[in-house]
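Residue-level structural notes
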Amino acid sequence: ACGRQRFGAEIFRLCCVLDRRLDAAPYLAGPEYSVADMAIFPWIALHGWLDIDLGRFAGLREWYRRVGERPAVRLGMDVPSRTAIERRTRRSARSS
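So, here is what we can say about the structure in this document. (Residues numbered from 1 in each chain as written. Predicted model: local features only at pLDDT ≥ 70, side-chain atom pairs only at ≥ 80, totals over all residues. Heavy atoms only, no water.)

**So, the overall build of the chain**
- Scanning the chain from N- to C-terminus turns up 5 helices and 0 strands.
- Taken from N to C terminus, the helices and strands of the chain fall in the order α-α-α-α-α.
- Whereas a compact globule of 96 residues would reach a radius of gyration of roughly 12 Å, the chain reaches 16 Å, over 25% beyond that.
- Seen through its C-alpha atoms, the chain measures out along the principal axes to roughly 50 × 40 × 20 Å.
- Summed over its atoms, the accessible surface of the chain is roughly 7200 Å², and 59% of this surface lies on carbon and sulfur atoms.
- Of the charged side chains in the chain, 17 are positive and 11 negative; the average position of the first set lies 8 Å away from that of the second. (Helix = DSSP H or I, 4+ residues; strand = E, 2+ residues; numbered from the N terminus. Rg over C-alpha atoms; globule rule 2.2 N^0.38 Å. Areas by Shrake-Rupley, 256 points an atom, 1.4 Å probe, with all protein chains shown as cover. Lys, Arg positive; Asp, Glu negative; His and termini not counted. Charge placed at Lys NZ, Arg CZ, Asp CG, Glu CD.)

Next comes the structure, spelled out in structure tokens:
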């Protein structure tokens, strides 16, 4: 429980840092989409699993929406595809 509290507090702090940065620019490294956005997006995509309410972070929420709408990001976030994961899970279950 102590570790979960500690890391939960750190996640919240980092979301605050990102949100403040995104108040100053549309993307993390400035006015253009960059490798910084590419690197951080998958972590923010876990917000539901990490119990992060993006509603508390207007800039981060808007950035997440904007970056998540990019066709290459949508494609990249589906690697491996859900279908491939399900196939592998079924194969593993049969061989057990």
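More follows now that the structure is in view.
**Remarks on the pattern of salt bridges**
- This structure, assessed with the given rule, holds 4 salt bridges.
- As a salt-bridge pair, Glu-10 and Arg-13 come within 2.8 Å of each other at their nearest N and O atoms. Here the residue Glu-10 and the residue Arg-13 both occupy positions in helix α1 (residues 2–24), the gap between them amounting to 3 residues, near one helical turn.
- A salt bridge links Glu-69 to Arg-65; its shortest N-O distance comes to 2.8 Å.
- One connected set of salt bridges, linked through shared partners, spans Glu-62, Arg-65, Arg-66 and Glu-69. (Salt bridge = Lys/Arg side-chain N within 4 Å of Asp/Glu carboxyl O.)

**A short note on a nonpolar patch on the surface**
- Taken together, the side chains of Trp-43, Leu-46 and Trp-49 define a hydrophobic patch exposed on the protein surface, amounting to about 440 Å² of accessible area.
- Its place among the elements puts Leu-46 in the loop between α2 (35–44) and α3 (58–68). (Patch = residues over 30% accessible without salt bridge, like charges linked within 9 Å, V, L, I, M, F, W, Y side chains within 5 Å.)

**Some remarks on the nonpolar core**
- Core analysis: the biggest nonpolar cluster contains 14 residues, and Ile-44, Leu-60, Trp-63 and Val-67 have the highest contact counts within it.
- Of all the elements in the fold, those that place two or more residues in this core are α1, α2 and α3.
- Residues contacting Leu-60, with those up to four places away along its chain left out, are Cys-15, Leu-18, Asp-19, Leu-22, Ile-44 and Leu-54. (Core = buried A, V, L, I, M, F, W, Y, C linked by side-chain atoms within 4.5 Å. Buried < 20%, exposed > 50% of the residue type's maximum accessible area, 1.4 Å probe, protein only. Contact = heavy atoms within 4.5 Å.)

**Points about unusual backbone geometry**
- For Asp-51, which is not glycine, the phi dihedral falls at a positive 60°.
- Counting through the fold element by element, Asp-51 comes out in the loop between α2 and α3.

**Points about the packing of aromatic side chains**
- Per the counting criterion, the structure on display carries 4 aromatic pairs.
- A centroid spacing of 6.0 Å and a plane angle of 75° characterise the contact between Tyr-27 and Tyr-33, whose relative ring orientation is edge-to-face.
- Judged by its relative accessible area of 22%, Tyr-33 is partly exposed.
- Seen from their ring centres, Phe-41 and Trp-63 are 6.0 Å apart, and the 55° between their planes marks the pair as tilted. Taken together, the positions of Phe-41 in helix α2 and Trp-63 in helix α3 put the pair 22 residues apart, joining distant regions of the chain. Each member of the pair, Phe-41 together with Trp-63, is buried.
- Members of the aromatic cluster, each reached through a chain of ring pairs, are Phe-41, Trp-63 and Tyr-64.
- We note Arg-66 situated over the ring of Tyr-27; from NZ or CZ to the ring centre the distance is 5.1 Å.
- Directly above the aromatic system of Tyr-33 lies the positively charged group of Arg-70, at a separation of 3.7 Å from the ring centroid. (Phe/Tyr/Trp six-rings, centres within 6.5 Å; stacked < 30°, edge-to-face > 60°. Lys NZ or Arg CZ within 6 Å of the ring centre and 35° of its normal.)

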